[in-house]
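This is what each chain is made of:
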Amino acid sequence: MYTKNEIINNIKNQINDVIILDETDSTNNYIKENINIIKPNTLVIAKKQSSGRGRRGRSFISPEGGLYLSILVDTNGNLNGSSYPTVATAVSVSHTLEECYGLSCDIKWVNDIYIKNRKLCGILCETTTIKNRIIIGIGINIITPKNGFANEIANIATSLSEHIEVFNLSEFVAKLYDGITAFAPEFDIKSIINEYRKKSCVIGKEIYVLKNDNFINARAVDITDSASLVVEYPDRTTETLFYGDISIKINK
Ligand code: BTN
């Protein structure tokens with residue numbers, strides 16, 4: 001599906017190394033464990049993860065047939081745990097899907113990419129023990145067949161191969177890398193926040209907001225310039241969520 005040489009030859013931005021692993025627990029973990037020897041602008045890809053991780057300590061089931069990658073990048077230090085790298089990555093994934101395959105996707109605040117109401121990709125950005133150096137982790141279902149997903153995600157997941165014929169991913173990976181690293185080190189989202197908003201499959205929808213382990217009814221009203229989600233509760237009060245977890249109500 002991809003080779004190290006093809007990926008490197010297609011990348012235009014600065015790249016230090018591309019590490020391809022047959023299997024690891026999590027590509028984000030792999031970078032964390034080797035943080036003292038892996039240089040920034042390194043791309044780590046695994047064909048399979050035994051303990052892939054999602055946001056909020058959830059697992060990200062990662063069988064063979066998916067693309068699991070992490071990029072180590074430097075930031076300029078003004079991010080303070082903001083969602084900007086996640087937002088920039090979501091928009092980069094969307095651009096790359098459009099550019100390489102003519103596919104239009106939706107972004108579910110804050111870190112998921114959907115195609116036709118099913119999740120194709122999740123993003124997990126994490127800090128490291130090195131100041132201002134972060135890991136951008138992306139998991140994309142590529143050729144997992146419908147019956148290849150674990151039961152708990154079978155009804156909400158989709159693979160790229162359900163939408164296009166997948167041959168070689170090297171160019172896709174290279175374009176994704178270039179798109180994301182073009183935002184570093186500032187991760188200024190000013191130029192893309194309108195697009196992020198436009199691609200949102202959440203604005204105007206009835207949703208549940210996860211709060212202290214309870215799901216609260218709300219309506220997603222808008223996404224601010226700093227990528228926070230404005231929600232309105234049934235009593236008409238509003239709240240601006242900087243981060244968090246929501247789910248969209250079906251058919252509302
Ligand atoms: C989510 O759905 O909440 C985010 C999923 C992020 C998965 C990717 S796969 C590559 C990298 N390694 C991990 O363990 N997680 C991210």
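Note that the structure is predicted; figures quoted are calculated from it, not measured.

(A) Local environment of the site of the ligand. The local shell around the ligand holds 20 residues, among which S26, Q49, R53, R55 and K119 are the closest. A distance of 2.7 Å separates an oxygen atom of the ligand from a polar atom in the backbone of R53. Compared with its free state, where it exposes 410 Å², the ligand has 96% of that area covered by protein. Going through the elements one at a time, α2 (27-33), β3 (66-74), β6 (118-127) and β7 (133-141) are the ones with two or more residues in the shell around the ligand. With four residues, the single largest contributor to the shell around the ligand is β6. Of the residues in the shell around the ligand, the class split is five nonpolar, eleven polar and four charged.

(B) The environment of F183, seen in detail. Along the chain, the position of F183 falls in the loop between α4 (170-181) and α5 (193-198). Put simply, F183 and A88 are 95 residues apart on the chain and 6.9 Å apart in space, counted from C-alpha to C-alpha. Those residues in contact with F183 that sit more than four places away from it in its chain are A88, S92, D188 and I192.

(C) Up close: the pattern of salt bridges. If you walk through the whole model with that rule in mind, you get 17 salt bridges. A salt bridge links E162 to K146; its shortest N-O distance comes to 3.8 Å. Residue E162 is located in the loop between β7 and α4, and its partner K146 is located in the loop between β7 and α4; the two are separated by 16 residues in the primary sequence. Looking at K146, the relative accessible area reads 54%, which means it is exposed. A salt bridge links K190 to D188; its shortest N-O distance comes to 3.8 Å. Overall, the relative accessible area of 68% leaves K190 in the exposed class. A relative accessible area of 39% means that D188 is categorised as partly exposed.

(D) Region of interest: the sheet that holds strand β1 (residues 17-21). Read across the open sheet, the seven strands follow the order β1-β2-β3-β7-β6-β5-β4; overall the sheet is mixed. Of all strands in the sheet, those bounded by a partner on one side alone are β1 and β4 (106-108). Recorded for the sheet is a direction-independent mean angle of 20 degrees between the axes of neighbouring strands. In this structure, strand β5 (residues 112-115) lies alongside β6, joined through four bridges in antiparallel fashion. Looking across to β6, one finds that I115 is bridged to R118. Relative to β6, helix α3 (residues 84-101) is tilted by about 140 degrees, and along the sheet it contacts β4, β5, β6 and β7. Against the sheet, α4 contacts β2 (42-46), β3 and β7, and its axis sits at roughly 30 degrees relative to β3.

(E) Region of the structure containing the sheet that holds strand β11 (residues 238-241). Spatial ordering of the open sheet is given by β11-β10-β9-β8-β12, a layout of five strands whose pairing is antiparallel. Two strands close off the open sheet at either side, each with one partner strand: β11 and β12 (246-248). With direction set aside, neighbouring strand axes in the sheet form an average angle of 40 degrees. Pairing of strand β8 (residues 206-211) with strand β9 (residues 214-223) involves six bridges; the strand directions are antiparallel. When the bridges of β9 are listed, V209 appears paired with I216.

(F) Spotlight on the side chain of S83. Within the secondary structure, S83 sits in the loop between β3 and α3. Ignoring any residue separated from it by four or fewer positions in sequence, one finds S83 in contact with V110, S226 and A227.

Conventions we followed
- Residues numbered from 1 in each chain as written.
- Predicted model: local features only at pLDDT ≥ 70, side-chain atom pairs only at ≥ 80, totals over all residues.
- Heavy atoms only, no water.
- Near = heavy atom within 4 Å.
- Polar contact = N/O pair within 3.5 Å; in protein donor to acceptor, adjacent residues only side chain to side chain.
- Areas by Shrake-Rupley, 256 points an atom, 1.4 Å probe, with all protein chains shown as cover.
- Helix = DSSP H or I, 4+ residues; strand = E, 2+ residues; numbered from the N terminus.
- Nonpolar A, V, L, I, M, F, W, Y, C, P; charged D, E, K, R; others polar.
- Contact = heavy atoms within 4.5 Å.
- Salt bridge = Lys/Arg side-chain N within 4 Å of Asp/Glu carboxyl O.
- Buried < 20%, exposed > 50% of the residue type's maximum accessible area, 1.4 Å probe, protein only.
- Pairing = 2+ DSSP bridges.
- Axes fitted to C-alpha atoms, helices over the stretch in contact; angles between N-to-C directions.

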